Each structure stands twice: as C-alpha cells, then as structure tokens.
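# Tertiary structure, described
Each chain is listed here by its residues.
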2 protein chains.
Amino acid sequence: MNYGSIEAGGTKFVCAIGNENFQIEDRIQFSTTDPKETLYKAKEYLKKFQVDALGIASFGPIDINEKSSKYGYITNTPKERWQNTNFVGYMKEKMGGLPISWTTDVNAAAYGEYIMWERQGKKVDSLVYYTIGTGVGAGAVVRGDLIGGTGHPEMGHVLLKRHSNDNFPGICPFHKDCLEGLVSGPTFEFRLNKRGEDVSKEDPIWDMIAYYIAQAAMQVTLILRPEKIVFGGGVVSEPLLEKVREELKYMLNDYIPLPDLRAYISMPVAESNGSATIGNFALAQKIMM
Amino acid sequence: MNYGSIEAGGTKFVCAIGNENFQIEDRIQFSTTDPKETLYKAKEYLKKFQVDALGIASFGPIDINEKSSKYGYITNTPKERWQNTNFVGYMKEKMGGLPISWTTDVNAAAYGEYIMWERQGKKVDSLVYYTIGTGVGAGAVVRGDLIGGTGHPEMGHVLLKRHSNDNFPGICPFHKDCLEGLVSGPTFEFRLNKRGEDVSKEDPIWDMIAYYIAQAAMQVTLILRPEKIVFGGGVVSEPLLEKVREELKYMLNDYIPLPDLRAYISMPVAESNGSATIGNFALAQKIMM
C-alpha cells in the first residue's frame with residue numbers, strides 16, 4: 001500500500017507519498033496560488049505514483065460534515081480565491097474515485113502525533129495539538145478518533161482573561177482579543193513593530209504570550225482531560241513552553257492532578273513540521289480499513 | 001430488568017428504581033450527612049428491590065479511572081467527611097457484586113438528556129450539560145460516549161474574559177474568578193447581599209452573568225462543536241438563557257455556523273432535575289450490554 005498526503009496551507013502546499021510504515025518516500029512543495037493552478041499541481045504530482053488512498057489536510061474553515069452538500073469544500077476562508085473550493089470533489093474526479101480522507105491541517109497534525117506516540121509503544125488515550133503561527137488552531141484525538149460534532153474545532157478563537165498589564169486590543173477580524181488575536185505570529189509586529197523571530201527570548205512579551213497560551217491549555221485540560229497537549233507552529237519554542245507550564249501550574253492551583261508537565265505539554269515529536277503528513281497517511285489508511 | 005440510581009449530591013441523595021424504559025418506579029430522597037450513615041441508607045433502600053444494575057452519579061471530584069487504585073472513590077472534596085470515600089467499593093460489597101456504573105452528577109445528567117433526545121426520535125451526535133447552582137460543572141456526550149481522557153471534565157473552573165464593569169474578585173477557593181467563582185449561586189450573596197432567588201429578573205447583574213455563561217458556551221462550542229448545550233441548576237432560567245443566546249451570537253460574530261440558538265442552548269428536557277436519574281438508568285443498562 002502507498003498513501004498520498006496533501007497538506008494544504010495558506011502559503012504552501014506539501015504533497016508526499018508514504019509507505020505502510022508511514023515513511024515518506026517522496027515529497028514536493030510549492031506555493032499556494034489560485035485553486036485551479038495549485039490543485040492541478042497537486043494532482044499531477046500524485047498521479048506519478050501508485051496511490052491507494054489519499055489524506056488531505058487543509059487550511060480552513062472547511063466542511064467536514066459528510067451529510068452536507070458542501071462536504072469536501074473550503075468554505076468562507078479570508079483567502080478570497082479559495083472560498084467555496086470543492087477540494088475533495090476535484091481530487092476524487094481527477095484521481096479516479098480514490099478513497100480520500102479530509103480534515104483540517106491541525107486535526108491531521110494531532111492524529112500524526114497520536115500515531116507517532118503509539119508507534120513508539122507509548123500509546124496515549126487522548127492528545128490535543130495546537131499550532132500557533134500565522135493563525136492559531138487546534139485538533140484533538142480522543143480514544144483514537146478526531147473530535148468535532150457538527151464541524152471541526154476552532155480552538156484558536158476562544159476568549160481569555162486579559163493580563164492586567166496588557167492593553168493590546170487584539171487583531172482577530174472576528175473577535176479582536178481572542179487567543180489568535182492575542183498570540184498569533186502577526187501580533188508581534190502590531191505590538192512591537194518587529195517580527196516574532198526578531199524578538200529576544202528575554203523580552204517580557206513572552207510572559208504575556210505564555211499567560212494566554214496557558215489559559216488555552218487550562219481550558220482544554222478542564223474540558224477534555226487529555227493525556228497530552230502538543231504545541232507546534234512558528235511562535236512556539238521550548239523556552240516559551242517552559243513559561244506556559246509554570247503559568248498553567250500556577251493557574252490550575254492543583255485543582256486536578258496533572259501528569260509531569262514536561263510530558264504533558266511539549267513540542268511535536270515529528271521532525272520539520274511533519275505531523276500532518278504522517279497524520280494524513282494514517283487517516284488514509286484508516287478509511288481503507 | 002430493573003435499574004437502580006443513586007444521585008449523590010452535596011446536600012441530598014436521590015435514590016430511584018427504574019424499569020427498562022427508564023421510567024421511575026420508586027424514588028426516595030434524604031439529606032447528605034456523613035458517608036457511613038448516608039451510604040447505609042442508600043444501600044438499605046436499594047436492597048428492598050430486585051435490581052440488576054446500579055448507576056451512581058456523584059458530586060466530585062471523583063476517581064473514574066478504571067486503572068487507578070482509587071477508582072470508585074470520592075477524592076479531595078471540600079466536604080471533609082467525604083474525602084477518600086470508597087463509594088463504589090461499599091456498594092459492590094453490600095450489594096453482592098452488582099454491576100455498577102460510576103460517574104459524576106453532571107456526566108449522568110448529560111447522558112440522561114442525550115438519551116431523552118434519542119427516545120424522542122431526535123438523536124443528537126453530541127451534547128453538553130452544564131449545571132449552574134451551588135457549584136458549576138459540566139459533562140458531555142460525544143458520539144454516544146461521555147468525554148474525559150484522564151478524568152472527568154471540570155468545566156466550571158475555566159478562566160474568562162472579565163466584563164469591563166465587573167470588579168468582583170470571585171469566590172472560587174482555587175481560582176477566584178473562574179466561571180464557578182463568578183456565576184455560581186453563592187456569588188449573588190457576595191455581590192448583592194441577597195440570595196439568587198430574591199434577585200429581580202430585571203437586575204443588571206443578569207447581563208454580567210449571561211456574559212460569562214456565554215463565554216463558557218463559546219469555549220465548548222469552539223472546542224467540541226456539540227449539537228446541543230443544556231443548562232440546568234438553580235441559577236438558570238429561560239430569561240437568563242435568552243441573554244446568553246444574545247451574548248453568544250454577538251461574541252461568536254458568525255465565525256462558525258450555529259444551529260438555531262433556541263434549539264442549541266436550552267434548559268433540560270427531563271422534568272424536576274431528573275436528567276441524572278435517567279442517565280444513571282441508561283448507564284446501568286449500558287454496562288449490562
């Protein structure tokens with residue numbers, strides 16, 4: 001068996017071919033332009049291989065409700081050219097009815113991390129994966145399945161207790177000072193007039209960012225009681241996560257027992273942002289079973 | 001088949017016997033005193049009937065991890081006499097090894113509401129049940145199962161964006177101004193020097209309360225994407241929920257599609273706080289299958 005993966009990001013597409021052990025056998029990436037050109041490139045690439053099932057992980061919002069007439073579409077994304085794009089329909093048509101799994105980028109990443117822990121013999125019952133980069137989002141696996149009732153989670157848009165020293169209004173076009181509006185990559189330029197990667201690790205801004213990310217971790221801890229929370233994305237670093245662990249410990253105040261915080265809150269196991277690709281392979285395999 | 005139910009609350013115990021259709025055939029309630037006396041009364045009551053399985057829904061925190069040596073215990077509750085009480089162990093021993101389901105009061109209530117919708121031919125995929133009373137807690141059913149990875153949810157203790165006109169410090173002994181610390185029943189006496197039931201429905205305090213409850217609804221919406229959120233407990237009324245719906249609509253700002261808000265956010269279907277009893281019967285049945 002060979003599995004295909006398309007990781008559709010807002011700035012780039014990563015396509016890959018994997019074997020039954022979810023090892024990458026071939027990989028390509030290209031810029032995200034308009035849907036017609038970009039989907040064509042992805043399809044042409046995949047057609048070069050013998051692919052038995054395909055996993056697609058897309059930027060959102062997307063329709064994942066199998067009962068919906070818009071299942072398989074990218075829906076009301078701010079990227080105007082991509083609004084209302086029938087991603088799955090196009091691939092199904094061009095790839096001869098290939099079985100396709102369809103989910104968000106963060107759901108696939110959560111699933112990939114879950115699978116990697118399992119393959120290391122350290123199976124977890126439940127795992128949440130946050131990405132904190134250009135945007136903020138999360139996916140979660142509970143008892144082997146991705147969560148989401150009527151749609152996929154949008155955990156980046158929760159409201160938070162504001163830090164008493166923080167007057168920043170937030171930049172989310174929908175909610176101003178939700179999690180994404182307070183901690184996503186672009187907030188650094190608005191707050192400090194420089195890019196996140198140019199902000200010193202000693203800058204006090206990181207305490208603020210950690211205060212908010214710890215609240216996200218606290219919410220998801222109290223709602224889902226997961227075994228693990230993984231943070232990926234450009235804003236995340238090990239020094240930042242160390243602050244998040246401290247804040248979380250302080251905020252939760254031993255109300256519920258938590259595992260060792262270094263194990264509970266961590267960066268991804270998969271190298272070079274590969275969690276979603278592995279998740280795609282595994283989700284493609286899952287629909288074949 | 002007959003099912004037994006024990007709903008163990010901090011102030012009273014409700015025990016009931018139900019048939020296969022989850023109709024209550026007999027019911028008793030008595031005050032919660034010390035564990036020895038209270039559990040004895042519950043056991044003596046149940047022994048009068050032919051019971052095939054028992055559902056217990058308890059105030060918390062409780063240990064529901066089947067791998068734990070403290071499974072079946074009430075753990076570090078503020079009610080000192082009840083700390084470290086082996087509730088399930090006592091019932092198992094006294095009831096001759098009867099099959100017992102064991103969960104929190106709000107989990108059982110969530111399950112009861114889920115079952116009642118199903119029995120009305122309106123099955124939902126997922127449902128969250130909040131109680132807002134002396135304390136605040138919630139349980140959730142997703143795809144037929146109660147959620148909770150390493151333990152039961154504690155959704156009453158999430159932090160929230162503070163209302164700009166609210167300087168109340170909050171009363172949660174662990175987190176001060178978490179949801180429970182801001183909206184639980186006892187907060188009315190601290191804020192207004194009168195009991196919640198004596199506060200006029202026109203009092204502006206209800207806007208504040210609705211603002212916080214709407215944030216809880218928003219969090220759980222963005223994390224779980226449930227089909228329904230039910231609010232029960234002494235603080236909740238239909239006029240309050242109408243304010244919550246308005247706040248939620250305003251806060252979410254059409255970021256994701258929601259069902260009709262009157263269907264999405266509602267009071268319990270079960271009459272006279274009966275959700276947990278029905279949930280107990282159904283959970284008792286489930287462990288027999």
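Predicted model only: the values in this text are computed from it and were never measured.

### Some points on the overall build of chain A
A tally of helices and strands in chain A yields nine helices and twelve strands. Relative to the compact-globule value of 19 Å for 289 residues, chain A shows a C-alpha radius of gyration of 19 Å, a close match. Taken over the C-alpha atoms alone, chain A extends approximately 55 × 40 × 35 Å along its principal axes. When each of the 289 residues of chain A is scored for burial, the buried share is 58%. Summarising the internal contacts of chain A: among those between residues at least 6 apart in sequence, 61% fall at separations of at least 24.

### Details of the side chain of B:D203
Residue and element names in this part refer to chain B. In this structure, D203 sits in the loop between α5 (186-192) and α6 (205-224). K194 provides the closest opposite charge to the buried, unpaired D203, separated from it by 5.0 Å. Among the polar contacts listed, one links the side chain of D203 to the backbone nitrogen of I205, at a separation of 2.8 Å.

### Thoughts on the packing of aromatic side chains
For any two aromatic rings, the description comes down to two numbers: the centre-to-centre distance and the angle of the planes. Residues and elements named next belong to chain A. Taken as a whole and judged by the stated rule, the model has 24 aromatic pairs over all chains. Considering the side-chain rings of Y130 and F231, the 5.1 Å spacing of their centres and the 15° angle between planes classify their relative orientation as stacked. Taken as a pair, Y130 in strand β8 (residues 126-132) and F231 in strand β11 (residues 228-232) lie far apart in primary sequence, 101 residues in all. Assessed through its relative accessible area of 1%, Y130 is described here as buried. Owing to a relative accessible area of 0%, F231 belongs among the buried residues under this scheme.

### Remarks on the interface of chain B and chain A
Each partner contributes residues to the interface: chain B has 40 residues there, and chain A has 40 residues. Overall, the association of chain B and chain A removes approximately 3,700 Å² of surface from exposure, summing both partners, and the carbon and sulfur fraction of that is 58%. Contact with chain A buries surface across chain B, with B:I223, B:R225 and B:Y255 losing the most and accounting together for 21% of the total. The partner of A:K161 in a salt bridge is B:D177, with the nearest N and O atoms 2.9 Å apart. Among the elements of the structure, β10 (145-146), α6 and α7 (238-252) of chain B are those that each provide at least two residues to the side of chain B that touches chain A. Class assignment of the residues belonging to the side of chain B that touches chain A gives a composition of 19 nonpolar, twelve polar and nine charged.

### Quick word on the environment of A:S164
Along the chain, A:S164 falls in the loop between β10 (145-146) and α4 (179-183). As a C-alpha pair, A:S164 and A:M208 span 44 residues in sequence and 9.6 Å in three-dimensional space.

### What to know about the relation of the copies chain B and chain A
For the match of chain B to chain A, the screw axis carries a shift of 0.0 Å, the RMSD comes to 0.0 Å, and the turn is 180°. On this basis, the relationship between the two copies can be described by a two-fold rotation axis. Minimal C-alpha separation from the rotation axis in chain B is found for B:K161, amounting to 1.9 Å. Mapped onto chain A, 100% of the interface residues of chain B are again interface residues, and the two copies thus contact each other with one and the same surface.

### Side note on unusual backbone geometry
Residue A:P61 is reached from A:G60 by a cis peptide bond, and omega for that bond is -5°. Mapping A:P61 onto the fold places it in the loop between β4 (53-58) and β5 (73-74). With a phi angle near 60°, A:D254 is a residue other than glycine that sits in the positive phi range. Here A:D254 lies in the loop between α7 (238-252) and α8 (261-264). Residue class for A:D254 comes out exposed when judged on its relative accessible area of 57%. Non-glycine residue B:R225 carries a positive phi angle of around 50°. Note on placement: B:R225 falls in the loop between α6 and β11 (228-232).

Each value, and the rule that gives it
- Residues numbered from 1 in each chain as written.
- Chains lettered and ligands numbered in written order.
- Predicted model: local features only at pLDDT ≥ 70, side-chain atom pairs only at ≥ 80, totals over all residues.
- Heavy atoms only, no water.
- Helix = DSSP H or I, 4+ residues; strand = E, 2+ residues; numbered from the N terminus.
- Rg over C-alpha atoms; globule rule 2.2 N^0.38 Å.
- Buried < 20%, exposed > 50% of the residue type's maximum accessible area, 1.4 Å probe, protein only.
- Contact = heavy atoms within 4.5 Å.
- Lys, Arg positive; Asp, Glu negative; His and termini not counted.
- Salt bridge = Lys/Arg side-chain N within 4 Å of Asp/Glu carboxyl O.
- Polar contact = N/O pair within 3.5 Å; in protein donor to acceptor, adjacent residues only side chain to side chain.
- Phe/Tyr/Trp six-rings, centres within 6.5 Å; stacked < 30°, edge-to-face > 60°.
- Buried area = accessible area lost by both parts, 1.4 Å probe.
- Nonpolar A, V, L, I, M, F, W, Y, C, P; charged D, E, K, R; others polar.
- Least-squares fit on C-alpha atoms with pLDDT ≥ 70 in both.

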